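Below, each chain spelled out in residue letters.
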Amino acid sequence: MVYYPNNQEEEQMEIRPTEINYARELDAGDRLAIFRDKFYIPDENIIYLDGNSLGRLPKETAAILNQEISQHWGDQLIRSWNANWIQTSRQAGDKIARLIGASPGEVLVSDSTSINLFKLVLAALQARVERKIIISDVFNFPSDLYVIQGISHLLNNSHQIRMVPSDDGVSISIHSIDSAIDSDTALVYLTHVSYRNAFMYDMQAVTELAHKRGSLILWDLSHSTGAVPLELNQWNVDLAVGCTYKYLNSGPGAPAFLYVRKDLQDTLVSPIWGWFGAKQPFKFALDYEPALGIDRFQTGTPPILSMKAIEPAVDIILDAGIDNIREKSIMQTEYLISLTDILLKPLGFEVISPRDSRMRGSHISLKHNEAYRICQAMITPLQPNPIVIPDFRAPDLIRLGISPLYNTFSEINLAVHRIKTIVETGTYHRFSKDWLPVT
Ligand SMILES: *Cc1c(COP(=O)(O)O)cnc(C)c1O
């Protein structure tokens, strides 16, 4: 509870959590509040709760990309490859390594998350040829599942995909994972924080279970990196991939990263034999020989302009400190849940994210049978209401992403009140039930 003194009577007057002044007090005490100014925020009336899908633009990024275009591309042309472009994949990878508890030389920026999944899954299956089972779960991201289905198809259905169910619709129990892994398991293949409802695994415990039975493990860190502390080396993780355009704020379609633990690098082989993954690309040899170390997981020429947006964005996170970000994220998601319980539950909303913050990432999913139209009304208000940008996830989820570097407690308060008004006044009825192409 936050109290403030009543000047006239020297009494303590309680401010209720639903009042905007309560949120303002929390903002006033927020040590990370200064980081909001590192981002380009042209319109303070837009409440952006979608940083877990596409992070905001850091001011520094715009300056760096302009310089990259005019000086390194415009002036220096192809000479920029030797001057620094050629090192960018490793350099950006090493910076991400600091954020996820990996060592230099264990992380590489390349391709998209889906392509990195393809490369690492096939490499892992080849390292366990005698085993024929891949374990995943029903909360995994569709692209992740499509990739293993495609790989199974490519290998003439020689592998079985074992999908672990959720008992309660909110979490996946570690016991279910434990009983799914056996001596025929080649790979445990999971997303650490679920895109659906932010359910988060105990990565260390699940990794141990996989290793106990001789399986490899691959974690997708797309919804974790930049939001929760990770210790990949300490937890003995084999393989991982992750996105850079969500909490890493590196821009639409920015290339992804992959992690391969040092001792596995020279035993695994990427299935895509491109020249950038070869030992000496500029020897132009006719036969492929893989590079040593993490470089063998490169494919072709990297997208330098997109990749240059990664380092300035990760610097902000390293500067703020991932433990501080996590602490604020927990406070903000807890605040959002408590406001939802008070203001939105009576209107038919249900929180389907875990209530225990130890099992939750940095977004909150609300279920409502009019979720799609309510989202449309949030994004396109009748004047002069604030614009609130959430995510809609089919068929009935409103996803509210909290990015502690720039989201304020006041924004959370205003957003919940806005949702309440939309439902109470029924203004969402003016929207069609047909989904737009990108939700
Ligand atoms: C966002 C996300 C992806 C995206 O993959 P792309 O190849 O970048 O489109 C994949 N997996 C998970 C778990 C994600 O959250």
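Refer to the preceding data block for the structure.
Residues numbered from 1 in each chain as written. Predicted model: local features only at pLDDT ≥ 70, side-chain atom pairs only at ≥ 80, totals over all residues. Heavy atoms only, no water.

Considering the overall build of the chain
Test applied: Secondary structure elements follow DSSP: runs of H or I no shorter than four residues count as helices, runs of E no shorter than two count as strands, and numbering proceeds from the N terminus. We take the radius of gyration over the C-alpha atoms and set the globule estimate at 2.2 Å times the residue count to the 0.38 power. Partly exposed residues are those whose accessible area sits between 20% and 50% of the maximum for their type, while under 20% is buried and over 50% is exposed, using a 1.4 Å probe and protein chains only. The contact definition used throughout considers only heavy atoms, calling two residues in contact when any of these lie within 4.5 Å. Neither His nor the chain termini are counted; the positive set is Lys and Arg, and the negative set is Asp and Glu. By convention, the charge on Lys lies at NZ, on Arg at CZ, on Asp at CG and on Glu at CD.
Per the secondary structure count, the chain includes 14 helices and 15 strands. For 439 residues, the compact-globule estimate of 2.2 N^0.38 gives 22 Å, and the chain sits close to it at 23 Å. Referenced to the eigenvectors of the C-alpha coordinate spread, the extents of the chain come out at roughly 80 × 60 × 45 Å. For the chain, the proportion of its 439 residues judged to be buried stands at 54%. In the chain, once contacts between residues fewer than 6 apart in sequence are set aside, the share between residues at least 24 apart is 72%. With 40 positive and 51 negative side-chain charges, the chain shows a separation of 4 Å between the mean positions of the two kinds.

So, helix α6 (residues 142-154)
Put simply, the rule reads: One fewer than the residue count of a helix, multiplied by 1.5 Å, yields its expected span.
End to end, α6 covers 18 Å across 13 residues, agreeing with the expected 18 Å (1.5 Å per residue, within 8%). Listing the buried residues of α6 in full gives Ser143, Asp144, Leu145, Val147, Ile148, Ile151 and Ser152. Residues of α6 that are buried make contact with α5 (113-126), β5 (133-137), β6 (160-164), β7 (185-191) and β8 (216-220). Directly after α6, the chain includes Asn156, whose backbone phi takes a positive value near 55 degrees.

As for the packing of helix α4 (residues 88-100) against helix α11 (residues 310-320)
Cut-off, in case you're wondering: Only the stretch in contact is used when fitting a helix axis, every axis being a line fitted to C-alpha atoms; angles between N-to-C directions are given from 0 to 180 degrees. What sets the label is the angle itself: under 35 degrees gives roughly parallel, over 145 gives roughly antiparallel, 65 to 115 gives roughly perpendicular, and the rest give oblique. In this scheme, a crossing is called left-handed if the near helix is turned counterclockwise away from the far one by less than a right angle; it is called right-handed if the turn is clockwise.
At their nearest, the axes of α4 and α11 sit 10 Å apart, and the two run at 20 degrees to each other. Taken together, the axis directions place α4 and α11 in an arrangement best described as roughly parallel. Two packed elements cross with a definite hand, and for α4 against α11 that hand is left-handed. Contact residues: Gln91, Ala92, Lys95, Ile96, Arg98 and Leu99 in α4; Ile310, Glu311, Val314, Asp315, Ile317 and Leu318 in α11.

A look at the site of the ligand
We apply this condition: We call a residue near a molecule or strand when any one of its heavy atoms sits within 4 Å of it. Here a polar contact is recorded for every N or O atom pair within 3.5 Å, except that within protein the pair must consist of a potential hydrogen donor and a potential acceptor, and residues adjacent in sequence are included only if both atoms are side-chain atoms. Accessible surface is estimated by sampling points in the Shrake-Rupley manner with a 1.4 Å probe; for residues, cover comes only from the protein chains shown.
As a structural note, the neighbourhood of the ligand is formed by Ser112, Thr113, Ser114, Phe141, Asp144, Thr191, Asp220, Ser222, His223, Cys243, Tyr245 and Lys246. Note that an oxygen atom of the ligand is positioned 3.5 Å from one of the backbone N or O atoms of Thr113. Between an oxygen atom of the ligand and a side-chain N or O atom of His223, the distance comes to 3.3 Å. If the ligand stood free it would expose 390 Å²; the protein chains cover 86% of that surface.

Here's the deal with the pairing of strand β12 (residues 363-367)
The cut-off we apply is this: Strand pairing follows a simple DSSP-based rule, namely that at least 2 bridges must link the two strands.
With four of five residues buried, β12 is to be regarded as a mostly interior element. Summarising the sheet, β12 and strand β15 (residues 397-401) pair through five bridges and their orientation is antiparallel. Its bridge partner lying in β15, Ser365 is registered against Arg399.

Topic: a nonpolar patch on the surface
Filter applied, for reference: The patch calculation keeps residues exceeding 30% relative accessible area without a salt bridge and links them within 9 Å when they carry like charges or within 5 Å when they are nonpolar (Val, Leu, Ile, Met, Phe, Trp, Tyr). For salt bridges, the criterion is a side-chain nitrogen of Lys or Arg within 4 Å of an Asp or Glu carboxyl oxygen.
Together, Ile69, Trp73, Leu77, Ile78 and Leu305 make up a nonpolar patch on the protein surface, roughly 520 Å² of accessible area in all. Positionally, Leu77 belongs in the loop between α2 (59-75) and α3 (79-83). A residue is classified by how much of its surface remains accessible, and Leu77, at 49% relative accessible area, is partly exposed.

Observations concerning the environment of Gly169
Relative to the elements of secondary structure, Gly169 occurs in the loop between β6 and α7 (174-180). A relative accessible area of 33% places Gly169 in the partly exposed class. Residues Gly169 and Trp275, 106 residues apart in the sequence, show an inter-C-alpha distance of 45 Å. Apart from the residues lying within four places of it in its own chain, the contact partners of Gly169 are Phe139, Arg196 and Asn197.

Describing the sheet that holds β8
Read from one edge to the other, the open sheet built from seven strands follows the order β4-β10-β9-β8-β7-β5-β6, with strand pairing classed as mixed. One side of each edge strand has no neighbouring strand; the edge strands of this open sheet are β4 (107-109) and β6. Going from strand to strand, the sheet's axes swing by 20 degrees on average, the running direction of each strand aside. For β5 and β7, the ladder comprises three bridges, and the chain directions are parallel. The partner of Ile133 across the bridge, within β7, is Thr185. Seen against the sheet, helix α8 (residues 203-212) touches β7 and β8 and runs at an angle of roughly 150 degrees to β8.

A look at the packing of aromatic side chains
How we decide: Classification of ring pairs rests on two measures: the distance between centres of Phe, Tyr or Trp rings, Trp counted by its six-membered ring, which must be within 6.5 Å, and the angle between planes, read as stacked under 30 degrees, edge-to-face over 60 and tilted in between.
One pass over the full model with this rule turns up 17 aromatic pairs. Aromatic side chains Phe282 and Phe284 sit 5.8 Å apart centroid to centroid with 85 degrees between the ring planes, which places their arrangement in the edge-to-face category. Take Phe282 and Phe284: they sit in the same class, and that class is exposed. When the centroid spacing of 5.3 Å and the interplanar angle of 65 degrees are considered together, the rings of Phe392 and Trp435 count as edge-to-face. Note that Phe392 is positioned in strand β14 (residues 391-393) and Trp435 in the segment after α14 (409-425), a separation of 43 residues in sequence. Judged by its relative accessible area of 3%, Phe392 is buried.

Here's the deal with the pairing of strand β10 (residues 257-260)
Covered by surrounding structure in β10 are Phe257 and Tyr259 together with Leu258 and Val260, the residues of both alternating faces. Looking at chain direction, β4 and β10 are connected through three bridges and run antiparallel. Residue Val107 lies in a different strand from β10, and its bridge partner there is Tyr259.

Things to note about the pattern of salt bridges
Per the counting criterion, the structure on display carries 25 salt bridges. Across the pair Arg213 and Asp178 runs a salt bridge, and its minimum N-O distance is 2.8 Å. Placement of Arg213 in the loop between α8 and β8 and of Asp178 in helix α7 is noted, with a sequence separation of 35 residues between them. On the accessibility criterion, Asp178 (24% relative accessible area) is partly exposed. Among the charged side chains, a salt-bridge network with shared partners connects Arg36, Glu44 and Glu411.

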